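Given next are the chains, with one letter for each unit.
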Amino acid sequence: MSALTVTLGADITALRRAMAGATDLVASSARRMSRLTGAGLAGLGKGGALALQKGFALTGTALKAGIGTALAGGAAAVGAGVKAVNAAADFEQTQVAFTTLIGDAQKAEETLLKLRELGAQTPFEFPELADAGRKLIAFGEGADTVPETLRRIGDVSAGIQAPVNEIAELYGKARVQGRLFAEDINQLTGRGIPIIGELAKQFGVSDSQVKKLVESGQVGFPAIEQAFISLTSEGGKFHGMMAAQSQTTTGLFSSLKDAINETFLILGQPINDAIRPLIAEAIGLVQKLAPMAKRAGEAVKGAIQFVIAAFKSGQMLDLVTTSLKLGFTEAVNSLVNGFRIAVGFLWNALTDGSMWANLGKLYIGIAIKFYNQILRGMETVINFIAAGMEWVGALLVKHLLKIPGMDKLLGFSAEDVNTNFGELYRSRQDGKFFGLDLAGMEKFGDQLTGEGASGLGERLTAAAAKAIEDAGAKGEFIDTSGMQDKLVGIIRTIQDAVPKPGDAKEAASKVAGAAGTANAPGLSTQQARLAPIVTSLAKVGGGGYSSGALDAQRENNRLTGETNRLLQESNRHLKKLGNGGTLTAAFG
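Residues numbered from 1 in each chain as written. Predicted model: local features only at pLDDT ≥ 70, side-chain atom pairs only at ≥ 80, totals over all residues. Heavy atoms only, no water.

## Some remarks on the environment of Ala182
Argument step 1. Residue placement: Ala182 occurs in helix α7 (residues 182-190).
Argument step 2. Accessibility expressed as a relative area gives 38% for Ala182, which makes it partly exposed.
Argument step 3. Spatially, the C-alpha atoms of Ala182 and Gly217 are 9.9 Å apart, while their sequence positions differ by 35 residues. (Helix = DSSP H or I, 4+ residues; strand = E, 2+ residues; numbered from the N terminus. Buried < 20%, exposed > 50% of the residue type's maximum accessible area, 1.4 Å probe, protein only.)

Set out below in structure tokens:
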């Protein structure tokens, strides 16, 4: 937005400079006019220029406002598109949930359509009606009766100003239970629903006796269902409450929101259908990356282990120096080989007679085409001059034929004389220049050029191929086989030194076995101290540390020193047992 504003400001400044020049021009003209007609015209000129300047300034302001409005409109369109897609995605999830609960996609679609219509006619929005309908179906309400049941529950909810899904949940729980409990009566009464009075009417008892009927289990779900029907039917306390609430400001605003959401839903459904396969394809592509990521991780792990082993085995310096020597030697060989190929190519090309023949064809064809274009230019000029002379002569003859009796003397009339210059010029364009066939000459030049270029390309390709073959046959300028063998040997040595995940545990087991054979007191404590170190060594060997080669090397050095110290202490304990040196704690 800021970039656009700066650009427009620069353009308006340029216009103002131009208008300032226009003002000076008008004023100057006015001064000249004033000397002839008076000073009044000068004032008129300056006023017109100022009016023109103000007009351009207003135009620039309007242009800025127009672009700002266009950008704001574009942002609003993008926001509307995102909202439409989200609305369609939410509805799709609701549709899947209803289809799963009902078990019939067609019935689910019909039920949702009725709920959408109910949302458009009532103060409740479709999402809350859909949530309430889902709860009712989960509690055992039939898909065919859900809309009508929700209409009754909605009237009650609108009358007591309670969320419709909350009342639907109480109603559904009563259906599942099959009867009413005292807690149900309390919850319904506490929300302002006169359920006790309605039940008293049904059973023909007083309000105080209703609770006893409930506690004794005599009030089943059909009683509460009938109570809701009675409360919302004509003459009932909550009859037509949703319709009445929908005409209030809040209700109308809710209906407006539902209409807007419905529009977004209709807009977003085709967009959502188009996006869905793209998302599925993207998921498949990401899943395909998992094996690649695993291989990359294994490669990094192997590289870190290789570097650690190179430092540990003391081969790192030899590896670096041998690699550098081999790389430098290969570079020299590549440079020499490139020079050999270049010299061989030039020699093969220069000593190839066919190459020269094709080059000659190419040059001759180009020369013929160039000469043909010169002749065509000369032909155009000569034909133009000849047609002009013929046209002048035709005009003279036509004027002579206006003399009485001249047509009889010459044997033709003025109408027979062609004075159309275009027709005269075109009649002379026969493609020949003093007997030369210019079209045939151009065709012959094209043929020579094509044959020469094709043949020259083939011969140069053959010369390059032979040069590469000859350079390869001569072998390396500096023999690198010894350095390659040495590098392979160093790499194998390092690979052999790479620790295996089970090496450290095996070494610890040997130490523990030696200590157990000697029954040396105090070695169990040393073994316990060794356990976490063995685990750490296994992590180093297995690639558990991946923060960098130097960090892994420092960890390895620390653990190795600690292990050696423990082995020395173990050996001192063994000597105290007096085993004569026959038993020694060690790795290996």
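## Here we look at the side chain of Ser157
Argument step 1. With respect to the helices, strands and loops of the structure, Ser157 is situated in helix α5 (residues 146-160).
Argument step 2. Setting aside anything within four residues of it in sequence, one finds Ser157 in contact with Phe124, Ala162, Pro163, Val164 and Ile167. (Contact = heavy atoms within 4.5 Å.)

## Describing the pattern of salt bridges
Argument step 1. The final tally for this structure, using the stated rule, is 11 salt bridges.
Argument step 2. Between Glu166 and Arg191 there is a salt bridge, with the nearest N and O atoms lying 2.6 Å from each other. With Glu166 in helix α6 (residues 164-177) and Arg191 in the loop between α7 and α8 (195-203), this residue pair connects regions lying 25 residues apart in the sequence.
Argument step 3. For Arg191, a relative accessible area of 29% translates into the label partly exposed.
Argument step 4. Through salt bridges with shared partners, a single ionic network connects Asp131, Arg134, Lys135, Glu169 and Lys173. (Salt bridge = Lys/Arg side-chain N within 4 Å of Asp/Glu carboxyl O.)

## Here we look at unusual backbone geometry
Argument step 1. Positive phi is not limited to glycine here, since Gln161 has a value of about 55 degrees.
Argument step 2. Mapped onto the elements of the fold, Gln161 is located in the loop between α5 and α6.

## So, a nonpolar patch on the surface
Argument step 1. A cluster of nonpolar residues, Phe370, Ile374, Met378 and Ile382, forms a patch on the protein surface that exposes about 370 Å² of accessible area.
Argument step 2. Counting through the fold element by element, Met378 comes out in helix α14 (residues 353-400).
Argument step 3. Taking relative accessible area as the criterion, Met378 reaches 40% and is therefore assigned partly exposed. (Patch = residues over 30% accessible without salt bridge, like charges linked within 9 Å, V, L, I, M, F, W, Y side chains within 5 Å. Areas by Shrake-Rupley, 256 points an atom, 1.4 Å probe, with all protein chains shown as cover.)

## Remarks on the packing of helix α4 (residues 126-138) against α5
Argument step 1. At a minimum axis separation of 10 Å, α4 and α5 run at an interaxial angle of 115 degrees. The way α4 lies across α5 gives a crossing that is right-handed. Listed contacts from α5 to Leu129, Ala132, Gly133, Leu136 and Ile137 of α4 are Val146, Thr149, Leu150 and Ile153.
Argument step 2. Within the contact of α4 with α5, the residues separate by chemical class into seven nonpolar, two polar and no charged. (Axes fitted to C-alpha atoms, helices over the stretch in contact; angles between N-to-C directions. Left-handed = near helix turned anticlockwise from the far one by under 90°. Nonpolar A, V, L, I, M, F, W, Y, C, P; charged D, E, K, R; others polar.)

## A word on the confidence of the model for the protein chain
Argument step 1. Mean pLDDT over the protein chain works out to 74, with 67% of the residues at or above the 70 mark.
Argument step 2. Mean pLDDT across the secondary structure elements of the protein chain bottoms out at helix α20 (residues 523-541), with 44, and peaks at helix α13 (residues 316-350), with 89.
Argument step 3. Long-range and interchain partners of residues 518-549, a stretch whose pLDDT sits below 50, account for 59 contacts in this model, where long-range means more than four residues apart. (pLDDT = per-residue confidence, 0-100.)

## Focus on α6
The α-helix winds at 3.6 residues per turn, so residues separated by three or four positions along the chain end up facing the same way.
Argument step 1. Between the first and last C-alpha of α6 there are 20 Å, a value that for 14 residues agrees with the 20 Å anticipated at 1.5 Å per step.
Argument step 2. Listing the buried residues of α6 in full gives Val164, Ile167, Ala168, Leu170, Tyr171, Gly172 and Ala174.
Argument step 3. Considering only its buried residues, α6 is in contact with α4, α5, α7 and α10 (221-232).
Argument step 4. Of the residues one or two after α6, Gly178 is the one with positive phi, at around 85 degrees. (Expected span 1.5 Å × (residues − 1).)

## Some points on the environment of Trp347
Argument step 1. Take Trp347: it is sitting in helix α13.
Argument step 2. Expressed as a C-alpha distance, the spacing of Trp347 and Ala467, which sit 120 residues apart in the sequence, is 8.7 Å.

## Here we look at the packing of aromatic side chains
Argument step 1. Counted by the stated rule, this structure contains four aromatic pairs.
Argument step 2. Ring plane angle 75 degrees and centroid distance 5.3 Å describe the contact between Phe384 and Phe421, whose orientation is recorded as edge-to-face. One end of the pair, Phe384, is in helix α14; the other, Phe421, is in helix α16 (residues 421-427), with 37 residues separating them in the sequence.
Argument step 3. Take Phe384: its relative accessible area is 48%, and that puts it in the partly exposed class.
Argument step 4. Among the aromatic side chains, those forming a connected cluster through ring pairs are Tyr171, Phe221 and Phe228.
Argument step 5. Between the NZ or CZ atom of Arg179 and the centre of the ring of Phe181, over which it lies, the distance is 4.0 Å. (Phe/Tyr/Trp six-rings, centres within 6.5 Å; stacked < 30°, edge-to-face > 60°. Lys NZ or Arg CZ within 6 Å of the ring centre and 35° of its normal.)

## Here's the deal with helix α9 (residues 207-215)
Argument step 1. Val210, Leu213 and Val214 are the residues of α9 that are buried. Along α9, the residues classed as buried sweep out an arc of 100 degrees about the axis, all on the same side. More than 90 degrees from the buried face of α9, the exposed residues found are Ser208, Lys212 and Glu215.
Argument step 2. Along its buried surface, α9 packs onto α7 and α8.
Argument step 3. At the C-terminal side of α9, Gly217 shows a positive phi close to 80 degrees. (Arc of directions from axis to C-beta.)

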